[in-house]
Amino acid sequence: MRFLHTADWQIGRTYAFFEPDDAAILAEARTTTVERIAALANTEQVDLVIVAGDVFDAQTVTDRTIRRLFLAMQAFTGPWCLLSGNHDAALSESVWTRAQRLGVVNANMHLLLRPEPLFLSDVGVAILPAPLTQRQTAEDLTAALDGMSTPPGLIRIGVGHGAVQGVLPEGIDSSNPIAPDRTETAQLDYLALGDWHGCKEINARTWYSGTPEPERYVDNDPGQVLVVEITASGMVPLVEQRRVGQFQWVRWEQEFRVSEDVDSLIEKLSALDGRFVVRLDLTGVLDINARHRLLDGLAAVSAQVRALEYDLSDIRLQPTDADIASMQADGYLSDVIGELRDRSALPDQKVASTEALVILADILQSQQGAA
């Protein structure tokens with residue numbers, strides 16, 4: 001039998017730190033990626049799809065968001081098995097109870113909200129879930145899988161959401177612990193996990209699929225789903241990756257030491273297209289002319305990529321004589337520029353005078369451009 005393993009859809013996630021139009025497109029991509037998953041399930045002719053938690057980003061997503069998700073899933077008519085995670089825990093009143101009241105959960109969509117086996121005998125599978133019923137717990141909920149009995153011959157697939165102890169780095173979404181030997185203790189043919197947003201193999205029978213649509217500047221191989229094939233109970237699974245993500249998030253560091261570093265960075269950025277979301281960490285020293293080139297280049301690139309984040313506050317400005325000479329001004333303003341240049345040589349006035357020179361340079365440049 002074959003199935004898709006996915007997790008961490010985070011439907012309803014918002015991106016308030018981006019421009020509104022970029023934020024809306026990135027949020028929409030989370031749902032359209034589910035449409036891609038449904039299409040892939042048909043193409044791969046899988047028997048079912050397992051979603052290992054955090055289907056929704058929050059309990060408070062709108063009814064419209066809930067409706068749109070379940071519509072996106074309808075293209076695949078086989079079984080969907082959706083586990084509650086830490087973002088969408090199976091509370092007594094939750095996003096899941098709202099979905100049920102809205103009547104959008106079709107008969108082939110199985111909500112794994114209780115630690116009870118789900119038998120899909122027609123495809124020869126028993127789904128053993130460890131749903132989260134609160135955001136965090138110090139207890140290993142997958143321990144309940146050890147005691148779940150299943151009819152002979154059914155392939156046993158566990159589904160959990162949390163951190164495999166001693167394997168994952170600190171700082172992930174949830175501290176909900178999972179024993180690294182759970183497949184052995186629970187006699188599982190496969191353990192489908194969520195919470196770690198990158199694709200990661202723990203062992204031959206235990207995998208994190210990662211989020212299918214990247215949403216962080218973390219290089220841990222997101223943007224995929226897993227196609228898992230198990231020929232019979234007890235056989236080692238064959239796991240293959242399939243890329244479905246629409247956007248690629250990259251974070252680059254750049255220290256400016258010479259003005260030519262600006263041109264190198266802009267050239268590198270110019271090779272990117274609308275599939276990229278970019279964060280730049282910029283440091284170093286620039287003269288006024290190089291700063292203007294940087295700003296012009298970033299403005300052009302921001303229209304080329306999907307979204308661009310950067311901060312200039314860690315760049316130290318150091319005007320050159322050529323910068324000051326290029327600040328064409330007459331009369332009093334010329335005298336002010338000369339005084340600021342002299343003051344910028346004094347240790348106690350260097351920062352303020354340099355900032356003032358930069359402000360003047362920006363004003364003069366804008367006036368010259370308008371003329």
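Residues numbered from 1 in each chain as written. Predicted model: local features only at pLDDT ≥ 70, side-chain atom pairs only at ≥ 80, totals over all residues. Heavy atoms only, no water.

## Comments concerning the overall build of the protein chain
Argument step 1. Secondary structure summary: the protein chain contains nine helices and 18 strands in total.
Argument step 2. Relative to its full complement of 371 residues, the protein chain shows a buried share of 53%.
Argument step 3. Intrachain contacts of the protein chain at a sequence separation of at least 6 include 71% that bridge at least 24 residues.
Argument step 4. Surface summary for the protein chain: the accessible area is close to 17100 Å², and the carbon and sulfur share equals 49%. (Helix = DSSP H or I, 4+ residues; strand = E, 2+ residues; numbered from the N terminus. Buried < 20%, exposed > 50% of the residue type's maximum accessible area, 1.4 Å probe, protein only. Contact = heavy atoms within 4.5 Å. Areas by Shrake-Rupley, 256 points an atom, 1.4 Å probe, with all protein chains shown as cover.)

## Structural notes on the packing of helix H2 (residues 63-73) against helix H3 (residues 95-102)
Argument step 1. Across the interface, H2 lies against H3 with an axial gap of 10 Å and an inter-helix angle of 75 degrees. Between H2 and H3, the angle is such that the two are roughly perpendicular. Contacts from Asp63, Ile66, Arg67 and Phe70 of H2 reach H3 at Val95, Trp96, Arg98, Ala99 and Leu102.
Argument step 2. For the contact of H2 with H3, the residue count by class is six nonpolar, no polar and three charged. (Axes fitted to C-alpha atoms, helices over the stretch in contact; angles between N-to-C directions. Parallel < 35°, antiparallel > 145°, perpendicular 65-115°, else oblique. Nonpolar A, V, L, I, M, F, W, Y, C, P; charged D, E, K, R; others polar.)

## A look at the nonpolar core
Argument step 1. Among the nonpolar cores identified, the biggest contains 34 residues, and Trp9, Phe56, Phe70 and Trp80 are the most heavily contacted of them.
Argument step 2. At the level of elements, helix H1 (20-43), strand E2 (48-51), H2, strand E3 (80-83), H3, strand E4 (109-112) and strand E13 (224-229) are the ones that each hand at least two residues to this core.
Argument step 3. Sequence-distant contacts of Trp9, defined by excluding residues within four places in its chain, comprise Arg30, Val34, Ile37, Val51, Asp54, Val55, Leu69, Met73, Trp80 and Pro212.
Argument step 4. Leu48, Val159, Cys199 and Ile230 belong to the second largest nonpolar core, which has 25 residues in total. (Core = buried A, V, L, I, M, F, W, Y, C linked by side-chain atoms within 4.5 Å.)

## Overview of the sheet that holds strand E6 (residues 125-129)
Argument step 1. Taken together, six strands build an open sheet; the order of strands is E5-E6-E7-E10-E12-E11 and the sheet is mixed. Looking along the sheet, the strands with just one partner apiece sit at the ends: strand E5 (118-120) and strand E11 (200-203). Pairs of neighbouring strands in the sheet enclose a mean axial angle of 20 degrees, with direction left out of account.
Argument step 2. Bridge count for strand E10 (residues 190-194) against strand E12 (residues 206-208) is three bridges, and the pairing is parallel. In the sheet register, Leu191 faces E12, and the bridge partner there is Thr206. (Pairing = 2+ DSSP bridges.)

## Some details on the packing of aromatic side chains
Here a ring pair, both rings aromatic, is described through the centre-centre distance and the interplanar angle of the planes.
Argument step 1. Counted by the stated rule, this structure contains ten aromatic pairs.
Argument step 2. Where Tyr15 meets Phe17, the ring centres are 6.3 Å apart and the plane angle is 75 degrees; that geometry is what we call edge-to-face.
Argument step 3. Judged by its relative accessible area of 46%, Phe17 is partly exposed.
Argument step 4. For the pair Tyr217 and Trp249, a centre-to-centre distance of 5.1 Å together with 55 degrees between the ring planes defines the contact as tilted. Of this pair, Tyr217 sits in the loop between E12 and E13 while Trp249 sits in strand E15 (residues 248-256), and the two are 32 residues apart along the sequence.
Argument step 5. Cluster of aromatic residues (ring-pair linked, three or more members): Tyr15, Phe17, Phe18, Tyr217 and Trp249.
Argument step 6. Residue placement shows Lys268 over the ring face of Trp252; its charged tip is 4.0 Å from the ring centre. (Phe/Tyr/Trp six-rings, centres within 6.5 Å; stacked < 30°, edge-to-face > 60°. Lys NZ or Arg CZ within 6 Å of the ring centre and 35° of its normal.)

## A look at the side chain of Asp88
Argument step 1. Locating Asp88 in the fold gives a position in the loop between E3 and H3.
Argument step 2. Buried charge without a salt bridge: Asp88, with Arg135 as the nearest opposite-charge side chain at an N-O distance of 8.3 Å.
Argument step 3. At 2.6 Å, the side chain of Asp88 forms a polar contact with the backbone nitrogen of Gly85. (Lys, Arg positive; Asp, Glu negative; His and termini not counted. Salt bridge = Lys/Arg side-chain N within 4 Å of Asp/Glu carboxyl O. Polar contact = N/O pair within 3.5 Å; in protein donor to acceptor, adjacent residues only side chain to side chain.)

## Side note on the pattern of salt bridges
Argument step 1. Going through the model one piece at a time under the given rule, you end up with 21 salt bridges.
Argument step 2. Residue Arg2 is joined to Glu229 by a salt bridge in which the shortest nitrogen-to-oxygen separation is 3.2 Å. Placement of the pair is Arg2 in strand E1 (residues 2-6) and Glu229 in strand E13, with a sequence separation of 227 residues.
Argument step 3. Among the ionic pairs, Arg242 bridges to Glu44, the shortest N-O distance being 2.8 Å.

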